[in-house]
Amino acid sequence: MTSAEPESGGDRDPVRGSGDGRARGRRGAPGGRSWIAVGFGLGLGATLAWLTVQTVLEVGSLLTLLVLAAFIAIALEPVVAWLTRRRLRRRWAVAVVLVVLLALFAGFLALVVPPVADEVNALVKAVPGWLRQLQDHDSALGRFEDRYHLLAKAQQQISSGGAAGLAGGLLGAGKVVLGVVTSAVIVLVVMVYVMAFLPGLKRFGLRFVAAGRRPHARDVTEEILNRVGRYMLGNVVTSVIAGVATFVWCVATDVPYPAALGVFIALMDLIPIVGTTIGGLVVSLVALSVSLPVALATAGFYIGFRVAEDYLIVPRVMKFAVDVHPLVTVVGVLIGGALLGVVGALVAIPAAVAIDLILEEHVFSRTDTS
């Protein structure tokens, strides 16, 4: 007699089945992990991301200075490379460039400091006369004092703690000056180091690229640096033209401080799109010290110069340097200015040039052939 074998699919172990259910309930999340581990991981990741953002915001000003220093060093690289091709060792080439930059900065101070000092001295000498006029009830300032009692209010402010506020304001101004000097030193030191060790930095960066692709990446990097350098040299040429034109105009119209205003316009012209406009507004306000017609004529001069710069000067100077669409220029400057202020506006166009070259070499070259 043979016994019937139980069907394989008919009998199930109730204990095993209930254990599987409990195991699936405990696992819950995909991948065999519990929801507690998933939540802990997400919370830890969000915390690390928040700390990273806060750290970047805290050192944002320092990062801006580092970006500015690296940008200036890359912009001066064609000059350093030209000197090294003349059989000058790199450290001596960097020293020559640094001496020239310091000489230009000293010349700028020599142009700007004397007129500012003269204006401050004139203001200090005029204060006693203004005080006498305030006490003279027949003068315009005296009648103004009789109506608003400015001297009494000033004395009240000083006696009620205004002196402490004034001291705090002077201390704040000193901190601003100290911060500017410190920032300038940081930019100068980092710029010198980047200029001196740029070949080594490029070799270090290329080690992150696969050996087979390294020669092509090296060529792309050199092309980016060359285009950035040519752009900056072209930008300097247009700035010099703007400064010379401002100097000639101020001399012809008797606007005070023509040399200082010329240097100011040259520096402002380095900022794309808005630099000349802001500088022209400042010079027009200074021209008000001569007369209103001269100020209006100065504003018209800068409107005409801006049109000539956009359609005649810049295309001729930049045709050998970069080829960037005007829309890309405007959008890049706006985004760069919103992120890093003036520094972002300065580096926006070179960054757009680098991105355009990378897209042409690594993205569009593949999509066009696929």
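Residues numbered from 1 in each chain as written. Predicted model: local features only at pLDDT ≥ 70, side-chain atom pairs only at ≥ 80, totals over all residues. Heavy atoms only, no water.

S.K.: Which residues make up a negative patch on the surface, and what values go with them?
M.R.: Where like charges cluster on the molecular surface, the negative patch consists of Asp219, Asp356, Glu360, Glu361 and Asp368. Inspection of the secondary structure assignment puts glutamate 361 in helix α12 (residues 342-369). Glutamate 361 sits in the partly exposed class, given a relative accessible area of 33%. (Patch = residues over 30% accessible without salt bridge, like charges linked within 9 Å, V, L, I, M, F, W, Y side chains within 5 Å. Areas by Shrake-Rupley, 256 points an atom, 1.4 Å probe, with all protein chains shown as cover. Salt bridge = Lys/Arg side-chain N within 4 Å of Asp/Glu carboxyl O. Lys, Arg positive; Asp, Glu negative; His and termini not counted. Charge placed at Lys NZ, Arg CZ, Asp CG, Glu CD. Helix = DSSP H or I, 4+ residues; strand = E, 2+ residues; numbered from the N terminus. Buried < 20%, exposed > 50% of the residue type's maximum accessible area, 1.4 Å probe, protein only.)

S.K.: Break down the side chain of serine 284 for me, citing the residues and quoting the values.
M.R.: Mapped onto the secondary structure, serine 284 falls in helix α9 (residues 275-287). Those residues in contact with serine 284, other than ones at most four positions away along the chain, are Ala295, Thr298 and Ala299. (Contact = heavy atoms within 4.5 Å.)

S.K.: Describe the confidence of the model for the protein, and please don't skip the residues or the numbers.
M.R.: Averaged over all residues, the pLDDT of the protein is 76; the fraction at 70 or higher stands at 73%. When pLDDT is averaged over each helix and strand of the protein, the minimum, 48, is found for helix α1 (residues 14-27) and the maximum, 88, for α9. Contacts for the low-pLDDT stretch residues 21-27, under 50 throughout, to residues beyond four places or in other chains number five contacts. (pLDDT = per-residue confidence, 0-100.)

S.K.: Outline the nonpolar core, listing residues and values.
M.R.: In this structure, Phe71, Val80, Val97, Met191, Met195 and Ile224 are the most contacted members of the largest nonpolar core, which totals 34 residues. Contributing elements (two or more residues each) for this core: α3 (60-85), α4 (90-135), α6 (150-206), α7 (214-253) and α12. With sequence-adjacent residues up to four places away left out, phenylalanine 71 is seen in contact with Val228, Met232, Leu346, Val347 and Pro350. Membership of the second largest hydrophobic core comes to 12 residues, among which are Ile265, Val283, Ala287 and Tyr302. (Core = buried A, V, L, I, M, F, W, Y, C linked by side-chain atoms within 4.5 Å.)

S.K.: An account of the layout of surface pockets is requested, with residue identities and associated values reported.
M.R.: When its volume is computed, the largest pocket comes out at roughly 2,100 Å³. Those elements that provide at least two residues to the lining of the largest pocket are α3, α4, α6, α7, α8 (258-269) and α12. Ranked by the residues each element gives to the lining of the largest pocket, the list is headed by α4, at 10 residues. For the lining of the largest pocket, the residue count by class is 43 nonpolar, four polar and no charged. (1 Å grid on protein atoms, 1.4 Å probe; cavity = no way out; pocket = protein on both sides within 12 Å on 5 of 7 lines; lining within 4 Å. Points joined across faces, edges and corners; volume = space filled by probe spheres on them. Nonpolar A, V, L, I, M, F, W, Y, C, P; charged D, E, K, R; others polar.)

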